[in-house]
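Spelled out, the chains give:
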Amino acid sequence: MSIDVFLLLFVGFGLGLIHALDADHIMAVSVLNSQKTSIKRTLLQSGRWALGHGGMLLCCGVLLFGLGVSIPEGIQKMAEMGVGVLLIVLGVMCFIRIRKDKLIFERHSHGDIVHTHWRDSTDAHITKNNHKPVFVGMLHGLAGSAPALALIPAVASGQFMPAMLYLMIFSLGVMLSMLFFGLGFAHIQQFLNRRSHRVFQFSRHGLALSSIALGSYWLLQAS
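Residues numbered from 1 in each chain as written. Predicted model: local features only at pLDDT ≥ 70, side-chain atom pairs only at ≥ 80, totals over all residues. Heavy atoms only, no water.

**Q** What's the story with the packing of aromatic side chains in this structure? I'm lost.
**A** Taken as a whole, this structure holds 2 aromatic pairs when the rule is applied. Considering the side-chain rings of Tyr-166 and Phe-170, the 6.4 Å spacing of their centres and the 25° angle between planes classify their relative orientation as stacked. You can see Tyr-166 and its partner Phe-170 sitting in helix H8 (residues 160–195), 4 residues apart, about one turn around the helix. Judged by its relative accessible area of 4%, Phe-170 falls in the buried class. (Phe/Tyr/Trp six-rings, centres within 6.5 Å; stacked < 30°, edge-to-face > 60°. Helix = DSSP H or I, 4+ residues; strand = E, 2+ residues; numbered from the N terminus. Buried < 20%, exposed > 50% of the residue type's maximum accessible area, 1.4 Å probe, protein only.)

**Q** Would you mind showing me how to read the nonpolar core here?
**A** Nonpolar side chains tend to gather and get buried jointly when the protein is soluble and globular. Membership of the largest hydrophobic core comes to 38 residues, with the highest contact counts inside it found for Trp-49 and Ile-152. Ranked by residue count, the leading element in this core is H8, at 8 residues. (Core = buried A, V, L, I, M, F, W, Y, C linked by side-chain atoms within 4.5 Å.)

**Q** Got a minute to help me understand the packing of helix H2 (residues 23–32) against H8 in this structure?
**A** For any two helices packed against each other, one specifies the inter-axial angle together with the distance between the axes. Orientation of H2 relative to H8, taken along the N-to-C sense of each, is 45°, at an axis distance of 11 Å. One way to sum up the angle between H2 and H8 is to call them oblique. Two packed elements cross with a definite hand, and for H2 against H8 that hand is right-handed. Taking contact as the criterion, the partners of His-25, Ile-26, Val-29 and Ser-30 in H2 are, on H8, Met-178, Phe-181 and Phe-185. A breakdown of the residues in the contact of H2 with H8 according to their chemical character gives 5 nonpolar, 2 polar and no charged. (Axes fitted to C-alpha atoms, helices over the stretch in contact; angles between N-to-C directions. Parallel < 35°, antiparallel > 145°, perpendicular 65-115°, else oblique. Left-handed = near helix turned anticlockwise from the far one by under 90°. Contact = heavy atoms within 4.5 Å. Nonpolar A, V, L, I, M, F, W, Y, C, P; charged D, E, K, R; others polar.)

**Q** Looking at this structure, how should I read helix H3 (residues 39–66)?
**A** Its 28 residues place the ends of H3 39 Å apart at the C-alpha level, agreeing with the 40 Å of an ideal helix rising 1.5 Å per residue. One or two positions beyond H3, positive phi appears at Gly-68, with a value near 70°. (Expected span 1.5 Å × (residues − 1).)

Everything listed is a geometric property; what it means functionally is a separate question.
This is the structure we're talking about:
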């Protein structure tokens, strides 16, 4: 592997780190993780999103560089519009979820210390095998496939395996960046929930509203 190719692969990793932090990615993952303040769950959801995103990019790479089939521009435009619709739907679903949450005011003691706090009674009903982030990531991967594939000809020179290597390194950057974001997001959620459950609920309302606003803007830009 030449030094030029190595440098381009390194650039691909850096672009993946940056690409994960696009506004639509961050908003979707934040809303998906706004239900429960769990670091483990947030990391799992973020990782699943990254797997969906990377898997779709690899599929696009196989089609383009393995079979010579490019993704039609019309499909990519529909995917861009789908991202806007998705953000709106996620925001609306977040509002609905907040309204359905049943909050119980709990009081318990640890020796002489008495704690009083709110608990979400629906926590136990959160499914462990939630594949929604994977499908969201796949849609984002399809919508953003063109920029990710743009540098591959310079890296691969028409060869299939170097092209796949570039996409895997790019996707690795996306995953690491999103996992770090998820870790920070989960800590912020826990901090807000410890300070005041009302503040935490207010932040969830803000995320839902922001998702709807960004989705509407995204849809207008894509149409």
